[in-house]
Amino acid sequence: MRERFNHLFLDIFEKNGLDAYVNTETVEKFWNLTQLMLETNAVMNITAITDMEKIIPLHYADCVKIADMIPKNASIADIGCGGGFPILPLAIVRPDLKLLGIDSTEKKARYVEETGKKLGLNLKTVSGRAEELAKHSDIRQSFDVVVSRAVARLNILNELCMPFVKIGGCFIAMKGAAGMQEFEEAKAGIYKLGGELEKDDEYDLYTNEQVEKRSVFIIRQINSIPATYPRAFGSIKKKPL
């Protein structure tokens, strides 16, 4: 099984132009992450994807695609870190980063931090709702980069994530094929929250079976965010900015 994992990993990372992140140490850590994730998944819902042929492209390669968009030694917040994506793959391939995972589900936040410790990764987690934690002065607008993947539509996600980004930093939103449609819905709110689109990138994610469309939006934080944001989640969801 280990030999098959190595072969699949090398093949998928090469197809997706991620060769620079492949070495003996990273492959070993991704293998160990897979074992820990599947063991935990047997008793707690971490991921619906349990086949190595899908885990490697849809979890690992997909997350590592943003690694070269992040400045060296940056502080990162992963909002809605869930089962550990993208925080765990980023911590493996970018050990220079200082990462904090935020999730409203305590057991998932605890799983991510404990897994990080077992793998020797530089990350911590905190459990809480993003719209409440963003009011805390010690972390509000304090991160170089904020990332989020598969949490909510962008017109909701912007208000949950951008209050953590320092002025001059950026919010990296990882989206699927409908990313541009989501951005059109969210752009007025992004501007209201003091951000502007710096880059949007649509690309193909190569899996073993097919090619899937992905979108990434890099939103630069230009101005300070008004103290009234973020609002309570009910208000965010009922009336996005």
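Our subject is the structure listed above.
Below, the structure is looked at part by part. (Residues numbered from 1 in each chain as written. Predicted model: local features only at pLDDT ≥ 70, side-chain atom pairs only at ≥ 80, totals over all residues. Heavy atoms only, no water.)

## A few points about the environment of Ser 142
Here Ser 142 shows up in the loop between helix H6 (130–133) and strand E4 (143–149). Classification of Ser 142 as partly exposed rests on a relative accessible area of 27%. Along the chain, Ser 142 and Gly 128 lie 14 residues apart, while their C-alpha atoms are 17 Å from each other. Within the structure, Ser 142 has its side chain in polar contact with the backbone oxygen of Ile 139 (distance 2.7 Å). (Helix = DSSP H or I, 4+ residues; strand = E, 2+ residues; numbered from the N terminus. Buried < 20%, exposed > 50% of the residue type's maximum accessible area, 1.4 Å probe, protein only. Polar contact = N/O pair within 3.5 Å; in protein donor to acceptor, adjacent residues only side chain to side chain.)

## Some remarks on the nonpolar core
Core analysis: the largest hydrophobic core is formed by 53 residues, its most contacted members being Phe 5, Phe 13, Phe 30, Tyr 60, Ile 66, Ile 70 and Ile 172. Element by element, the count of residues in this core is highest for helix H3 (residues 52–64), at 8 residues. Excluding residues that lie within four positions of it along the chain, Phe 30 makes contacts with Phe 5, Phe 9, Tyr 60, Val 64, Pro 89, Ile 92 and Val 93. Formed by 30 residues, the second largest nonpolar core is a distinct cluster that contains Ile 102, Ile 139, Tyr 229 and Leu 241. (Core = buried A, V, L, I, M, F, W, Y, C linked by side-chain atoms within 4.5 Å. Contact = heavy atoms within 4.5 Å.)

## With respect to unusual backbone geometry
The amide bond that connects Phe 85 to the next residue, Pro 86, takes the cis arrangement and shows omega of 15°. With omega at 0°, the peptide bond leading from Tyr 229 into Pro 230 counts as cis. Of note, Pro 230 is situated in the loop between strand E7 (211–221) and helix H9 (233–238). A positive phi angle, close to 60°, is found at Asn 73, a residue other than glycine. If you trace the backbone, Asn 73 turns up in the loop between H3 and strand E1 (75–79). A positive phi angle, close to 45°, is found at Gln 141, a residue other than glycine.

## So, the layout of surface pockets
Volume-wise, the largest pocket comes out at about 690 Å³. Looking at the largest pocket, it is lined by 32 residues, and the ones nearest its centre are Gly 80, Arg 149, Ala 150, Val 151 and Ala 152. Tallied by class, the residues present in the lining of the largest pocket amount to 16 nonpolar, 8 polar and 8 charged. Roughly 210 Å³ of volume is contained in the second largest pocket. Along the walls of the second largest pocket sit Ser 75, Ile 76, Lys 98, Leu 99, Leu 100, Asn 122, Leu 123, Lys 124, Ile 139, Ser 142 and Phe 143, which together make up its complete lining. Elements with a contribution of two residues or more to the lining of the second largest pocket: E1, strand E2 (98–103) and strand E3 (123–127). Looking at which element gives the most residues to the lining of the second largest pocket, the answer is E2, with 3 residues. (1 Å grid on protein atoms, 1.4 Å probe; cavity = no way out; pocket = protein on both sides within 12 Å on 5 of 7 lines; lining within 4 Å. Points joined across faces, edges and corners; volume = space filled by probe spheres on them. Nonpolar A, V, L, I, M, F, W, Y, C, P; charged D, E, K, R; others polar.)

## Observations regarding the packing of helix H7 (residues 154–161) against helix H8 (residues 179–192)
Packing of H7 against H8 leaves a shortest axis separation of 7 Å and a crossing angle of 35°. Note on element contacts: H8 touches H7 through Glu 182, Phe 183, Glu 185, Ala 186, Gly 189 and Ile 190, opposite Leu 154, Asn 155 and Asn 158. Taken together, the residues that form the contact of H7 with H8 break down as 4 nonpolar, 3 polar and 2 charged. (Axes fitted to C-alpha atoms, helices over the stretch in contact; angles between N-to-C directions.)

## A few points about the packing of aromatic side chains
For the structure shown, the criterion picks out 8 aromatic pairs. Measuring from centroid to centroid gives 5.1 Å for Phe 9 and Phe 30, while their planes differ by 40°, and the two rings are tilted. With a gap of 21 residues between them, Phe 9 in helix H1 (residues 2–15) and Phe 30 in helix H2 (residues 24–41) connect regions that are remote in the sequence. Each member of the pair Phe 9 and Phe 30 is classed as buried. (Phe/Tyr/Trp six-rings, centres within 6.5 Å; stacked < 30°, edge-to-face > 60°.)

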